[in-house]
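Descriptive structure summary
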Amino acid sequence: MRIKFAIALVFFVFYGYSQENLTYQLPPKPILDLADYQRAPSVSMDSDKKYMLLSYRNTYKTLDDLNQDELRLGGLRINPTTNISATVTYINNIKLRKIGSKDDVQITGLPQNPLISNISWSPDETKIAFTHTTNKGVALYVVDVASAKATKLTEDNLNANLGNPTSWYQDSKTLLVRALPSNRQPLIDGKKNLPTGPIISNADGTVSQNRTYQDLLKNKADEQNFENIITSELYKVDLSGVKTLFMKADMYAGESFSPDGKYLMISTIKKPFSYIVPLNRFPSTTAVYTSAGALVSVVNETPLNEIMPKGFMAVRKGKRSMSWRADKPSTLFFVEALDEGDPSNKVAFRDEMFLWDAPFTSTPTSMAKTQQRYDGIIWGNDNLAILSDEWYDTRNTRSFIVNPSNPTQAPLKISDRNSQDIYSDPGSFERKKNQFGRYVLAIENNSAFLIGDGFTSAGQFPFIDELNLKTLKTKRLYQSKLKDKKEDIITITNYKSGDVLVMMQSAVDYPNYYFRNIKKNKLTPITNFKNPFESIKNVYKEVIKYKRKDGVELSGTLYLPAGYDRKKKEKLPLLIWAYPAEYKDKNSAGQTSQNPNDFTFPYYGSFVYWVTRGYAVLDDAAFPIIGEGTTEPNDSFISQLVDNAEAAIDAVDKLGYINRKKVAVGGHSYGAFMTANLLTHSDLFACGIARSGAYNRTLTPFGFQREQRNYWEAQDVYNTMSPFMNAHKMKTPMLLVHGEADNNPGTFTLQTERYFQALKGLGAPARMVILPKESHGYAAKENILHLLWEQDQFLEKHLKN
């Protein structure tokens, strides 16, 4: 179905002095045919792999979807009419299928024109809950899996402003829901209500380095509206729709049942609110209640957290990461910093882990300490858990076997590696559901199992390893040997028989699920989704490897047009799409995760579409920025950026495919920042496309991307890296694109607007397109198709012709 384009898009043109009014345009037919497709459904399976739920949604949102009422408060973007996130992507149909059958069963009882979200299986996996958004609010439905019938349980009065408003009770017969208060007051119109005084904030002299956040509270009206939208009443709702008040109205921010279902942990947001940090740093209280609603104990009180030390390893003081221990009926687990949350403090241990048994009248007991920052735990049984710690500055990550019942028992180190060294990744531990319906470490015959991506210098070969928990020796049970397909190992479904759920794909075969028996090497298909991009199935695709002049190994995925004669080697224009990444060593920087057998999935986030227009495309070109030892990556950002670009062009030019005078570069977000710097500091490109970037780093003074230093510690770095500060040097045609409502920290739409003004004032050839209603990632069909038209027009003019 084709859509009509009648809404005017406003943008600036590089050659004029005024705005140009233009209705939405469509890209050329080869690109439109690829972009205007119907996506396959997403798949969710029960833990026993008996049923799968197929969820269907539109490929794109519409501009009307983005044009609904929106309130931006405390870091949230919500629809104040329907009381759900304004950015939610809805499912419009759901079906069930018995695994092993080829027939889908349409779920009956769905509402007309479904807008489905917040899907969750019941603990016993016989039911599936979901919410449906009407034009007035959010209602709860439950599907009976056996009969494939949906039943409406509540009216459209749930409060989904803080996420999924439903939680299953352990009995799978009752749900706890957040509902709008019966006496809810209307929102305040801050524009109509006159303020009673100025807006005042104070700095008390304490050092704190907060990054730039979007959508914060700004005044008293915002505070009152924020309290209004997150306040809910809690109700118990049974499967017949009978609703009982469970707890009176409060600012509920999270509910979690204990594994045995006897206790309920509830977190509530408290005052004072903040104008400089989002809601996840507002004060909160966490209390545990019985499943009937009687208070057991207040287990945590967190103050307002506006003051944070510097660095990615900085954490707040006090209890954090509080959750139920998955292998115990009702034991809480939490972490506390031993360095006051400040990475600059020198201490023997950074974090301490505690266990706390219900009813929480005794003192929490210490379970373990970590020398680095706590990074997660996988519960196994009384005597075994897998504990991980990490340290960003060194990129180190480690995992240990610990005994939760004996904190004096020394941890056994399983792995100690560079987190960016993907070739040495031992894999992720396999988990399975226990008697409480919680996922815990899968242990069979005193062995655990690791599933790995299997990246190597020779290619990607996923594997399953068995880890002996006594000797810590591994035995390889299976490794994919496929070179013409990619095999992703999802989970082990039967440890004794060797059945494994996998996903298979190739450059031209859409990803589909299979059962693989690793003992009999038997493959059984589960799904059969078709390739919606048949028009590019004959495009040439290859992962090429090459070296930067300092010896760092690089890679990228090269696409050539269908029918291109690689012997005659007609010189093509080249498009490079990339995104810089920071590393602390050359070895990790030189590794590649690209696989030529990844399904070729063109989308607006790359240049792959243009292989149909006669361009060569180098997609996901490696752009590592390396800082070894005490040197920070950004100390030589510009020179490394140029070296990466030069190496990429040299590599494709050496193959004989391109006219190196006709090369363009593009990127999104930090890739846009990269693009602007490359056009400013090199003469390698004929033009560039920069989308939703940040160009003036003084507007992100307390760090950006992976930079931990603030502006006053590294002024030369910030200024040198800022394209805005060097706008007078930019003389290459550039297309600047930005969403009108960017919600990403640091990439305010103002960044592009001010950069364009500088370029225009200095006489640079630039064009700016602001996409109405879009945030950091683009969603509306009208905007995306017009974006593709803009890029095509720009490339045809400034590169090909």
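All values reported here derive from a predicted model rather than from experimental measurement.

Conventions and cut-offs
- Residues numbered from 1 in each chain as written.
- Predicted model: local features only at pLDDT ≥ 70, side-chain atom pairs only at ≥ 80, totals over all residues.
- Heavy atoms only, no water.
- Helix = DSSP H or I, 4+ residues; strand = E, 2+ residues; numbered from the N terminus.
- Rg over C-alpha atoms; globule rule 2.2 N^0.38 Å.
- Buried < 20%, exposed > 50% of the residue type's maximum accessible area, 1.4 Å probe, protein only.
- Contact = heavy atoms within 4.5 Å.
- Areas by Shrake-Rupley, 256 points an atom, 1.4 Å probe, with all protein chains shown as cover.
- Phe/Tyr/Trp six-rings, centres within 6.5 Å; stacked < 30°, edge-to-face > 60°.
- Core = buried A, V, L, I, M, F, W, Y, C linked by side-chain atoms within 4.5 Å.
- 1 Å grid on protein atoms, 1.4 Å probe; cavity = no way out; pocket = protein on both sides within 12 Å on 5 of 7 lines; lining within 4 Å.
- Points joined across faces, edges and corners; volume = space filled by probe spheres on them.
- Nonpolar A, V, L, I, M, F, W, Y, C, P; charged D, E, K, R; others polar.
- Pairing = 2+ DSSP bridges.

**A look at the overall build of the protein chain**
Secondary structure assignment for the protein chain yields 9 helices and 51 strands. Its C-alpha atoms give the protein chain a radius of gyration of 28 Å, near enough to 28 Å, the size a compact globule of 801 residues would have. Its C-alpha atoms give the protein chain principal-axis dimensions of roughly 75 × 75 × 60 Å. Within the protein chain, the fraction of its 801 residues that count as buried is 55%. The contacts in the protein chain between residues at least 6 apart in sequence include a share of 58% that link residues at least 24 apart. About 35,300 Å² of surface is accessible on the protein chain, with carbon and sulfur atoms providing 49% of the total.

**A few points about the packing of aromatic side chains**
A full pass over the atoms with the stated rule returns 38 aromatic pairs. Between tyrosine 579 and tyrosine 670, the aromatic rings sit 6.1 Å apart at their centres with planes inclined by 55°, giving tilted as the arrangement. Of this pair, tyrosine 579 sits in the loop between strand E44 (572-578) and strand E45 (581-583) while tyrosine 670 sits in helix H6 (residues 670-681), and the two are 91 residues apart along the sequence. Here tyrosine 579 falls in the partly exposed class, since its relative accessible area comes to 40%. Of the residues examined, tyrosine 670 reaches a relative accessible area of 2% and is grouped as buried.

**Looking at the nonpolar core**
Membership of the largest hydrophobic core comes to 63 residues, with the highest contact counts inside it found for Ile576, Leu618 and Phe685. Of the residues forming this core, the biggest block, 10 residues, is contributed by helix H5 (residues 637-654). Leave out the neighbours within four places in its chain, and phenylalanine 685 touches Ile576, Ala645, Ile649, Val663, Ala664, Val665, Leu678, Leu679 and Thr732. One finds Leu32, Tyr510, Leu735 and Ile784 within the second-largest nonpolar core, a separate group that totals 48 residues.

**A closer look at the side chain of arginine 320**
Here arginine 320 lies in strand E22 (residues 320-324). Not counting chain neighbours up to four residues away, the residues in contact with arginine 320 comprise Val315, Phe334, Val335, Glu336, Ala337, Asp351, Arg373 and Tyr374.

**Some remarks on empty space enclosed by the protein**
Space left empty within the atom packing is revealed by a probe, the size of a water molecule, rolled over the atoms. Within this structure, the stated rule accounts for 1 cavity of 30 Å³ or more. Looking at the largest cavity, its volume works out to about 30 Å³. Along its surface, the largest cavity is lined by Ala507, Val508, Asn531, Phe533, Ile536, Lys537, Phe599 and Thr600. The residue makeup of the lining of the largest cavity, split by class, is 5 nonpolar, 2 polar and 1 charged.

**Regarding the pairing of strand E6 (residues 76-79)**
Taken residue by residue, a regular strand's side chains alternate between the two faces of the sheet. The two faces of E6 match: Leu76 and Ile78 on one face and Arg77 and Asn79 on the other face are all buried. Relative to E6, strand E5 (residues 71-73) runs antiparallel, the two sharing 3 bridges. Its bridge partner being in E6, leucine 73 is matched across the sheet by leucine 76. Linking E5 back to E6 in an antiparallel pair, the connection comprises 2 residues, with glycine 74 at a positive phi of about 60°. Looking at chain direction, E6 and strand E7 (residues 84-85) are connected through 2 bridges and run antiparallel. The residue bridging asparagine 79 from the neighbouring strand is isoleucine 84, located in E7. Two successive antiparallel strands, E6 and E7, enclose a turn made up of 4 residues, where asparagine 83 displays a positive phi of approximately 60°.

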